[in-house]
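Observations on the three-dimensional arrangement
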Amino acid sequence: MTDMLKEFKQSILISLWFVFLTFPLMVVRVNTTESLVEWRWMNMVWVALGSFILSYLWRYMLARQQARKKVADSGLEKQSKVTLLLEDATFRYRAMAVLLVLALIFPLAFDTYQSTIMISALIYVVLGLGLNITVGLAGLLDLGYVAFFAVGAYSYALLNHHFDLGFWTVLPLGGILGCLFGIILGFPILRLRGDYLAIVTLGFGMIVKIVLENWSDFSFGPSGIAQIDRPGLFGIDMDLAGSTIYIYYIMIAMVVFTILVTMRLRNSRIGRAWIALREDEIACVAMGIDMARTKLSAYALGAFWAGMVGVLFAAKTTFINPASFTFMESAIILSIVVLGGMGSILGVILGAFILILLPEYMRAFSEYRMLAFGAAMVLMMIFRPQGIISNIRQKYEYKGLQKETDNG
Amino acid sequence: MAEKHKFLEVKGLTMDFGGLRAVDSVSLEVCEGEIAALIGPNGAGKTTFFNCVTGIYTPTQGEILLHPKELPTRRLNGLKPNKVTEMGLARTFQNIRLFSDMTVLENVMIGRHCRTHSGIFRSILRGKGVREEEQQIVETSYQLLEKVGLADFATEFSKNLPYGAQRRLEIARAMATEPFLLLLDEPAAGMNPQETAELDQLICKISAEDRIAILLIEHDMKLVMNISNHIYVMEYGKKIAEGSPQQIKDNPKVIEAYLGEETDA
């Protein structure tokens, strides 16, 4: 109680301070034409109230955060209800089934516009899950991830333009090319860590974009490549709506595939090696894990998804140019991973939906988009640094485990 | 000593950092079934010596030879740490280096990495072989936890363990790599007498039951004198003495360099 009273007092002080600071701006107005001074006392009340509520809320959240941290440090951390629910396998399967059904009937229930938005959100889900391998699991900060996306998109656009290769042929090819570029980027930066690594990957992203912009003979420069074929379905001609729905289903399949593969990788010997690498490089190597191989595999497998979904992106928009692959895209994909929860597959999916769908549906506030985005990130880092949903731990069964001995 | 099989043979190991000679032509041997100890005042170069042997540093001069029983002799100079571990030489760290955001069981499971083989594609397909191997990893890791007395903590995060338990977990993790020689860097540092006594038993058990030779760096003289068969003493990067615990206790050079310093402090 005394704590609350203290917080209350502090908040009142802060609100008074804000009133004082904003007084000349918000309250006093000099009307020069009539030489009158207007006193807008109502504004003062609003400032006082607003700053008081915000300050109190801020303090309350901080205190809660501190308390939770204390509990976590003492090792008596109780798992939240959400985590417990998510760890229940039967619930998980049911939820997945429901979500899948909802996803499948979505384009039939809504119009083409909704499907298009959903496709771009799903593209970012795959991108987020791919980057999640590199950043979330292996802990290798990558600020140029969009380069691999560009590699995939351009490989389809160019192969389609020059050789008339179809979507389905290039789809795996785009992934493999992404992989190759991941390894190309990975080799020179095997020894780098932290800040240096981030700068090099940032540079890599820039290089790819600049090459695409300036090497006109190869990539058609800033004017881009138009009239890329949409995905084909046994040569059936489709109108725009039909093909949007078709791409939507391809995207759903791709997301399911990505989730399945990344989940299996994470819970495998390889995934554990990635996490160990993130936790402590020296100990990891001393335990017999080949650092070069583990790092390269993390880059390659992260880039694979970007390459593959890049092909689909080119097929969906039918026109690409370097402007689609700016640093801003890398930043958004990274934000998806960080906001969702590093290493957490479900978190990344949620993060992608929030970051991509919210701005779409809040077009009315589009001017404040970056402001809200920045504020959300800052608040998130202060109050929930582990992301929306932290990683769900894999359960192991072994002899001597009391609860599930019959599985032993 | 002559008829015993030498596991590790270090000849004239020298390590320079720029103008500083941290280890100066130190020779050392660890034989089968032996518990050897490397002691010396702080900054004597013991940990540097360990880092050279385990591949974290490449020594400036000298030979590090590993003689496994079934396999041919290998020269460890310049080998990467993960290769050294694959050869059968595992280590723990002076400043605990656990994977803090992984559970206790997962920490040990990492140690199994170099003895298992599922690659990326097989892990994605997750066939019968991979599942069986995974289960094998879990079971073996759990047995190791039982051995070091941490079975009850299996699902805890390693960062939440008490200090002594973290040290034992490091040993379990190192043992998961199936070494025939285990290097322990100050395993008793920061432990209370009770924990040290338990550690004493654990090290003897590992040596006797698993037939793993042990080389340890330690400041706890009681522990060293209790368990080791052979002791090497280092000071200012040089080896100043070696012998049985009794010989070391009576060696005036050692008393001057090591025990003498302690009475000063």
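Residues numbered from 1 in each chain as written. Chains lettered and ligands numbered in written order. Predicted model: local features only at pLDDT ≥ 70, side-chain atom pairs only at ≥ 80, totals over all residues. Heavy atoms only, no water.

Observations concerning the domain arrangement of chain B
All names here are of chain B.
- Splitting chain B by domain gives domain 1 (1-88 + 179-265) and domain 2 (98-178).
- With centres defined by C-alpha atoms, the gap from domain 1 to domain 2 works out at 26 Å.
- Each partner contributes residues to the interface: domain 1 has 22 residues there, and domain 2 has 13 residues.
- Across the interface of domain 1 and domain 2, roughly 1,400 Å² is buried in total on both sides, 66% from carbon and sulfur atoms.
- It is Glu86, Pro179 and Leu202 in domain 1 that bury the most area against domain 2; as a group they hold 30% of the surface buried on that side.
- The interface formed by domain 1 and domain 2 includes 2 salt bridges. (Domains from an automatic or database assignment. Contact = heavy atoms within 4.5 Å. Buried area = accessible area lost by both parts, 1.4 Å probe. Salt bridge = Lys/Arg side-chain N within 4 Å of Asp/Glu carboxyl O.)

Considerations on the interface of chain B and chain A
- Taken together, the contact pairs 45 residues of chain B with 35 residues of chain A.
- Summed over both sides, the interface between chain B and chain A buries roughly 3,600 Å², with carbon and sulfur atoms accounting for 59% of that surface.
- Inspection of the chain B/chain A interface yields 2 salt bridges.
- Notably, a salt bridge pairs Arg272 of chain A with Glu134 of chain B, separated by 3.1 Å at the nearest N-O pair.
- Remark: the boundary between chain B and chain A carries 12 residue pairs in polar contact (both at pLDDT 80 or more).
- Listing elements by their share of the side of chain B that touches chain A, those giving two or more residues are helix H2 (81-87), helix H3 (104-111), helix H4 (120-125), helix H5 (128-148) and helix H6 (163-175) of chain B.
- Ranked by residue count, the leading element in the side of chain B that touches chain A is H5 of chain B, at 7 residues.
- Its residues assigned to classes, the side of chain B that touches chain A shows 19 nonpolar, 15 polar and 11 charged. (Polar contact = N/O pair within 3.5 Å; in protein donor to acceptor, adjacent residues only side chain to side chain. Helix = DSSP H or I, 4+ residues; strand = E, 2+ residues; numbered from the N terminus. Nonpolar A, V, L, I, M, F, W, Y, C, P; charged D, E, K, R; others polar.)

Brief notes about the domain arrangement of chain A
- For chain A, the domain assignment lists domain 1 (2-70) and domain 2 (83-383).
- Computed over C-alpha atoms, the centres of domain 1 of chain A and domain 2 of chain A are 43 Å apart.

Points about the nonpolar core
- If you look at the biggest cluster of nonpolar residues, it comprises 106 residues, and the most contacted ones within it are Ile123, Leu127, Phe149, Met251 and Trp274 of chain A.
- Residues contacting Ile123 of chain A, with those up to four places away along its chain left out, are Phe149, Met251, Val309, Leu312, Phe313 and Lys316 of chain A.
- Of all hydrophobic cores here, the second largest spans 51 residues; its members include Val138, Leu182, Met191 and Leu202 of chain B. (Core = buried A, V, L, I, M, F, W, Y, C linked by side-chain atoms within 4.5 Å. Buried < 20%, exposed > 50% of the residue type's maximum accessible area, 1.4 Å probe, protein only.)

Some details on the pattern of salt bridges
All names here are of chain B.
- All chains considered together, the criterion is met by 22 salt bridges over all chains.
- For Asp24, the salt bridge goes to Lys238, with nearest N and O atoms at 3.5 Å. A residue pair is termed long-range when its members are at least 10 positions apart, and Asp24 in strand S2 (residues 20-31) and Lys238 in strand S10 (residues 238-243) qualify at 214 residues.
- The exposure class assigned to Asp24 is buried, which follows from its relative accessible area of 18%.
- Put simply, Lys239 and Glu242 hold a salt bridge, and the shortest N to O gap is 3.0 Å.
- Judged by its relative accessible area of 39%, Glu242 is partly exposed.
- Beyond isolated ion pairs, a larger network of salt bridges with shared partners links Asp16, Arg21, Asp24 and Lys238.

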